[in-house]
2 protein chains.
Amino acid sequence: MNHDMIIRITRYYRILNRLRSLGLEKVFAHNLADAAGVSAAIVRKDFSLLEIYGQKRGGYDILFLIAALGKILGKTDEPQNIIIVGCGRIGRALMHYNGFEPDGIRIIAGFDTDPLVYSENVHPVPIYPMSRLEEVVSSHQVDVAILTVPESATSDSFQRLMNAGIKGVLNFSPITLKPVADAEGLKPVIHNVNIALELEQIFYELQFPKT
Amino acid sequence: MNHDMIIRITRYYRILNRLRSLGLEKVFAHNLADAAGVSAAIVRKDFSLLEIYGQKRGGYDILFLIAALGKILGKTDEPQNIIIVGCGRIGRALMHYNGFEPDGIRIIAGFDTDPLVYSENVHPVPIYPMSRLEEVVSSHQVDVAILTVPESATSDSFQRLMNAGIKGVLNFSPITLKPVADAEGLKPVIHNVNIALELEQIFYELQFPKT
DNA sequence: TCGTTTATGTGAATCATTATACAATAAAAA
DNA sequence: TTTTTATTGTATAATGATTCACATAAACGA
């Protein structure tokens, strides 16, 4: 299974949950394709490769699909604990975002180097000094961190996360982090979100539209 | 030129600017490749397709590369004006982010429906009521908007942006927006950034590592 | 019951991307 | 000057993803 396919599966999964909440029971490949912005052929191909089958002429059963895709995506009833490292404006904004709960993701703590930030008690989750990173990560079995520190602190913070045993990072700093295999040859999973880069790409595409 | 290639070119461009600011004058394909996280072959291939040439054994001249790539990316001295629609926590955090300036992107205004938000005078850029959208967009020649409204307001806000003549949108809401051709057959450029989806993908990749 | 319609499932064909391999070339070394 | 070395530039091969095309099956209608 390649990366694009994971993205599509995750999309299908969310769309299906929406359709279910609207009361639908069946879905056709081309409906799902429209909603996910892909072709119907690829939806059928994806399901075919995943050995998920529908009914000829009847489409796919939504509940069955949700169960099958959820299994593939590793969905459990237990929420996944994550932390936010760097509690500036962006980090704090994400702390207040309540769109993670439906996806089974729970922010359990923030970390910052600034005592003015971590001493306040006004945040939706506790904020700790960086020195307590290892302790919280291991006691709460945290695998994934959101990194929202300033550019200059990116490399150091990332290194600390790796040392603390974090396995996945969602990095919002403009420095592109690259996975480096650890002593056991395991590579962390890193997603870089670079907002300025996204805007630049939009401007490029506006200037030189395709076809 | 395909989409992946644009992303790479934008990456090269930023890396080259960093290298230049460090005082370097030449760069080899494999250096750039390492920094951009791709193979050296693909760097050479990209440049070859763009008809950008280096010196055999001497690598590429950084200033020349920056000029050539800047031209391709449509870089001008004039900053590009953008607006932020939806001035909740995320929108306001982006307003304060100062990493756009070096890329020639300038946030000129925010928009919100809430009088409590747009009446305050504590923001780094003016915040207007949504009713003034069309006026500001046309008077400042704004082509691109960042959309940071709650999920429930996404479709409506997006429609208003399209009506106001916005051509590119960076959408942070969990609803995936799709480009729809307007009366003249032109499609807006839309980039969707879905933070929960990114996290879900990280969890997936952690659970089922590739190879 | 028997065509007709509709949608799935999938092998084959097409298209796109990336890697490989190496000739060409220039600099450095001998 | 000649040889060695390092790197570009690109043709070709390999790989991978997507679409096409159609056989297959189920439901519907007459």
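Just so you know, these numbers come straight off a predicted model, no measurement behind them. (Residues numbered from 1 in each chain as written. Chains lettered and ligands numbered in written order. Predicted model: local features only at pLDDT ≥ 70, side-chain atom pairs only at ≥ 80, totals over all residues. Heavy atoms only, no water.)

What about the overall build of chain A?
Piece 1. The helix and strand inventory of chain A stands at 9 helices and 8 strands.
Piece 2. Principal-axis analysis of the C-alpha atoms places the extent of chain A at approximately 60 × 45 × 40 Å.
Piece 3. Of the contacts formed within chain A by residues at least 6 apart in sequence, a portion of 55% connects residues at least 24 apart.
Piece 4. Carbon and sulfur atoms form 51% of the exposed surface of chain A, whose accessible area is close to 11,000 Å². (Helix = DSSP H or I, 4+ residues; strand = E, 2+ residues; numbered from the N terminus. Contact = heavy atoms within 4.5 Å. Areas by Shrake-Rupley, 256 points an atom, 1.4 Å probe, with all protein chains shown as cover.)

Focus on the interface of chain A and chain B
Piece 1. Contacts between chain A and chain B engage 59 residues on the former and 59 residues on the latter.
Piece 2. In this structure, the connection of chain A to chain B is made through 6 salt bridges.
Piece 3. Counting every contact that joins chain A to chain B gives 14 residue pairs in polar contact (both at pLDDT 80 or more).
Piece 4. Among the residues making up the side of chain A that touches chain B, the classes are represented as 31 nonpolar, 13 polar and 15 charged. (Salt bridge = Lys/Arg side-chain N within 4 Å of Asp/Glu carboxyl O. Polar contact = N/O pair within 3.5 Å; in protein donor to acceptor, adjacent residues only side chain to side chain. Nonpolar A, V, L, I, M, F, W, Y, C, P; charged D, E, K, R; others polar.)

A few points about the relation of the copies chain A and chain B
Piece 1. The two copies are related by a screw operation: chain A maps onto chain B through 180° of rotation and 0.0 Å of translation along the axis, at an RMSD of 0.1 Å. Taken together, the rotation and translation relating the two chain copies correspond to the operation of a two-fold axis. The rotation axis passes nearest to the C-alpha of Ile-90 of chain A in chain A, at a distance of 3.2 Å.
Piece 2. Here 100% of the interface residues in chain A have copies in chain B that are interface residues too; the copies meet face to matching face. (Least-squares fit on C-alpha atoms with pLDDT ≥ 70 in both.)

Overview of the pattern of salt bridges
Piece 1. For the structure shown, the criterion picks out 18 salt bridges over all chains.
Piece 2. Between Glu-200 of chain A and Lys-75 of chain B there is a salt bridge whose closest N-O contact spans 2.6 Å. On the criterion of chain membership, the pair formed by Glu-200 of chain A in helix H9 (residues 195-207) and Lys-75 of chain B in the loop between helix H4 (62-72) and strand S3 (80-85) is interchain, its members lying in two chains.
Piece 3. Residue Glu-200 of chain A is classed as buried on the basis of its relative accessible area of 6%. (Buried < 20%, exposed > 50% of the residue type's maximum accessible area, 1.4 Å probe, protein only.)

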